[in-house]
Amino acid sequence: MCGIIGYVGFRNASQVLYEGLKALEYRGYDSAGIATQRQKKIKVIKDSGRIEQIHSKYNFLQLSGQVGIGHTRWATHGGVTKQNAHPHCDCKKEVFIVHNGVIENFDELKMNLIAGGHSFTSETDTEVIAHLFEEELKSTKNAADAFASAISKLSGSWAIAAMKKGQQTLYLARNGSPLIIGVGRGEMFCASDVPALLPYTKKVIYLENGDRAILTSGKCLIYNKEGMPAERAVHYVEWTAQMAEKGGYPHFMLKEISEQEEKVKEALAADVSAAVQLLKNQKSFCVVACGSSYYAGLVFKTALQAGTGTVVDVIIGSEFANLWSGKDKVVVAISQSGETADTLAAVRFAKGKGAKIIAITNVAGSSLYREADANVLIGAGPEIAVVATKSFICQLAVLLKIALLLSGKKAQLAKLHGLPSKIAQLMKSSEEIEKIASILCKRKDFFFIGRGMAFPAALEGALKLKEITYLHAEAYPAGELKHGPLSLLDENVVVVALAPSSQNLPKMLSNIQECKARNAQIVIVSDSKEAFEKSKLCIKLPPCETEEIPIVYVIPLQLLAYYMATKLGRDPDKPRNLAKSVTVE
Ligand code: G6P
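All values derive from a computational prediction rather than experimental measurement. Per-chain numbering applies: the sequence of each chain, read as written, is numbered from 1 onward. Per-residue local features of the predicted model are confined to residues with pLDDT of at least 70, and side-chain atom pairs are confined, for both listing and counting, to 80 or more; whole-chain, interface and lining totals are unaffected and use all residues. To obtain the side-chain values, all non-hydrogen atoms of the structure were included, while hydrogens and water were left out.

Before going further, it helps to spend a moment on the nonpolar core. The biggest cluster of nonpolar side chains holds 128 residues, and the ones touching the most others in it are I360, I402 and F448. Counting from the N terminus, the helices are DSSP H or I runs at least four residues long and the strands are E runs at least two residues long. The element contributing the most residues to this core is helix α20 (residues 549-567), with 14 residues. If we ignore the near neighbours within four places in the chain, the residues touching I402 are V272, A275, V276, L279, F300, I360 and V376. Among the buried residues, those of types Ala, Val, Leu, Ile, Met, Phe, Trp, Tyr and Cys that are joined through side-chain atoms within 4.5 Å form a nonpolar core. Each residue is assigned to one of three classes by its accessible area relative to the maximum for its type, calculated with a 1.4 Å probe on protein chains only: buried under 20%, partly exposed between the two thresholds, exposed over 50%. Membership of the second largest hydrophobic core comes to 27 residues, among which are L137, W158, I160 and A173. Here a residue-residue contact requires only that any non-hydrogen atoms of the pair lie within 4.5 Å.

Following this line, the structure appears as structure tokens:
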């Protein structure tokens, strides 16, 4: 869960790498570093801390040269220290490496390398790659062969960019972690993700697992896992650099929440035919996802299962191998990034048993996109804040469309087109939500409750709050409170009750009453006057159709979490310990 970037061309490499790292910082932000080469001298600046802090301490731009590599880290092997920050190098300081992934056999490799006289300066798994490269250079002068031979000794996952002293060349390798090449005129780039390349080029090549590549300013040579020259298509990216900027908002999260009215329109227009085609004759199928995407899966299940006879099993990526029956002919994988390791592992497991995969993703060309049999793109555009907001809402819009098409509810589907105006209306309550956030941010414990379609919305609301405020929050189906969690309620606890007008409302009102009787602070999120009478703290929403509930009810909860986080002095875009794209299992 790190970000890597590389450049070779005619520009000042440190500028490209520094700007690129900022665009990739969502992938990891506990340390960062850059190495550039000029006149056969490689210089490195790296440290623990955020990119901006490191830059203001050392000034990345003092590094000169037209070739270089950079890295932003989210620690896995070894603590958050300057020594463990990338780039890493060999004993002679001749090869420099940045890496995203996990080298599973690093212990064994490290022991052998130490026995062979190598000395290590960090606790990372990555450093073995630099020493292996150095070792291989002893038997061949050809750096490309030495690099290939070093890579062949690794097991695990990697996206690697390497640079050797005296060469205007980058050596790349990819297995499991994302790595793309940006094709320019007289310059080449590599990066973990598209936003880092948008200011320079829209032409990208997605490397396949097992690929290696050699980049020089004018050329890109790619080899497949058998070591044979390989052709990889050049794709044109439609995202613009502007889409990946804050555009005057104080945080990406607020910008991305504000974009939802527009993005829902695009998501509702998505081409879902390939998915519908594969699902329409299935009596049962399985959905796999993690985090917010898993909750989107629960909405899909709720929308499709009740009353249609289709059985939808929703499984968390990391539990898939333990739970999946193995019988489904189709598995729907939901992943904003298309790179989540747990989801990808589940997909590969299901494919191995002959299942067809439908991917619901935001990133064309991502690993999931390429491994799936059918794709639906949710059209959310680049999402930079670590927590999912617009990508979640777009997933919901696309999944609701599929569910309503499969269940033949055309009238309900037509009504979804009223969502953008409802979103616009509810965004007008953001001042009210901010006031409630000022009151609630002094509290420590939160329960989110809902029934039916409001339950997955409650789960997502609780997740948003804990992710960015670090406060304790959990969600329950409202009827479950009395089976345990009610014992925790007292005057210190906040209960956020999602109570849309629906057939669930009478029971919901009784559940709210049960919480009031235990003196909990109640926050009502509803369109019902009856519900508003239960508390002074109310978020008033427009009335909506059952299918619209998750979208209409999650957005105010995103805003609530956002305002509470900012009032608590947290950075909502980069919550501690979390990464946007989790590429380890
Ligand atoms: C991480 C992110 C979450 C996201 C989850 C699944 O944990 O912090 O916001 O929901 O991964 O990501 P995906 O890209 O597969 O939807």
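Turning our attention to the sheet that holds strand β14 (residues 235-236). Pairing within the open sheet is antiparallel, and its 8 strands lie in the order β3-β2-β4-β1-β10-β9-β11-β14. Only two strands of the sheet have a single neighbouring strand rather than two, namely β3 (41-48) and β14. Across 4 bridges, strand β9 (residues 180-183) lies against strand β10 (residues 188-191) in antiparallel orientation. Bridge assignment links I181 to a residue of β10, and that residue is C190. Here helix α2 (residues 51-58) sits on the sheet in contact with β2 (31-38), β3 and β4 (67-73), set at roughly 125° to β3. Criterion used throughout: strands pair if DSSP finds at least two bridges between them. The angle between two axes is taken between their N-to-C directions and runs from 0 to 180 degrees, where each axis is a line fitted to C-alpha atoms and a helix contributes only its stretch in contact.

Right, let's get into helix α11 (residues 341-352). Over its 12 residues, α11 extends 16 Å from the first C-alpha to the last, a length consistent with the 16 Å expected when each residue adds 1.5 Å. All buried positions along α11 are accounted for by A341, D342, T343, L344, A346, V347 and A350. If you follow the buried residues of α11, they end up packed against β15 (284-289), α10 (320-323), β17 (330-335), β18 (356-361) and α12 (367-371). G354, located one to two residues past α11, shows a positive phi value of around 95°. Expected span of a helix: the number of residues minus one, times 1.5 Å.

Attention now moves to the packing of helix α9 (residues 291-305) against helix α17 (residues 454-469). For the pair α9 and α17, the least separation of the axes is 9 Å and the interaxial angle reads 170°. Considering the angle they form, α9 stands roughly antiparallel to α17. The segment α9 lies against α17, with G291, S292, Y295, L298, V299 and T302 engaging P456, L459, E460, L463 and K464. Across the contact of α9 with α17, the residue classes tally to 6 nonpolar, 3 polar and 2 charged. Comment on the angle field: the value is read as roughly parallel under 35 degrees, roughly antiparallel over 145, roughly perpendicular from 65 to 115, and oblique elsewhere. Each residue is assigned to one of three groups, with Ala, Val, Leu, Ile, Met, Phe, Trp, Tyr, Cys and Pro labelled nonpolar, Asp, Glu, Lys and Arg labelled charged, and all others, Gly among them, labelled polar.

What counts as a salt bridge is simple: a side-chain nitrogen of Lys or Arg found within 4 Å of a carboxyl oxygen of Asp or Glu. Scanning all chains against the criterion turns up 22 salt bridges. Put simply, R11 and E187 hold a salt bridge, and the shortest N to O gap is 2.7 Å. Linking R11 in the loop between β1 (3-8) and α1 (13-24) with E187 in the loop between β9 and β10, this pair joins segments that are 176 residues apart in sequence. Residue classification places R11 among the partly exposed residues on the basis of a relative accessible area of 29%. K464 is the partner of E467 in a salt bridge, and the nearest nitrogen-oxygen pair spans 3.4 Å. Of this pair, E467 and K464 both sit in helix α17, 3 residues apart, which is roughly one turn of that helix.

What follows is about the pairing of β17. Of all 6 residues in β17, 6 are buried, a share of seventy percent or more. Burial along β17 is two-sided: V330, V332 and I334 facing one way and V331, A333 and S335 facing the other are all buried. Here β15 runs beside β17; their pairing, made up of 4 bridges, is parallel. Residue pairing across strands places C286 opposite V331, the latter belonging to β17. Where β17 meets β18, 6 bridges bridge the pair, whose relative direction is parallel. Residue pairing for β18: V331 is matched across the bridge by I357.

Our focus in this paragraph is the packing of aromatic side chains. Geometry of aromatic contacts follows a simple scheme: Phe, Tyr and Trp rings, the Trp one being its six-membered ring, pair when their centres are within 6.5 Å, and the pair is stacked under 30 degrees between planes, edge-to-face over 60, tilted otherwise. With the rule as written, the count across this model stands at 13 aromatic pairs. Judged by centre distance (5.1 Å) and plane angle (20°), the ring pair of F189 and Y200 falls under stacked. Placement of the pair is F189 in strand β10 and Y200 in the loop between β10 and β11 (203-206), with a sequence separation of 11 residues. Where F285 meets F300, the ring centres are 5.9 Å apart and the plane angle is 45°; that geometry is what we call tilted. In this pair, F285 sits in strand β15 while F300 sits in helix α9, placing the two residues 15 residues apart along the sequence. Overall, F285 belongs to the buried group, its relative accessible area being 1%. Over the ring of F532 we find K540; its NZ or CZ atom is 5.0 Å from the centre of that ring. Any Lys NZ or Arg CZ that is within 6 Å of a ring centre and within 35 degrees of that ring's normal is treated as a charge sitting over the ring. Cation over ring: R576 sits above Y470, and NZ or CZ is 4.1 Å from the ring centre.

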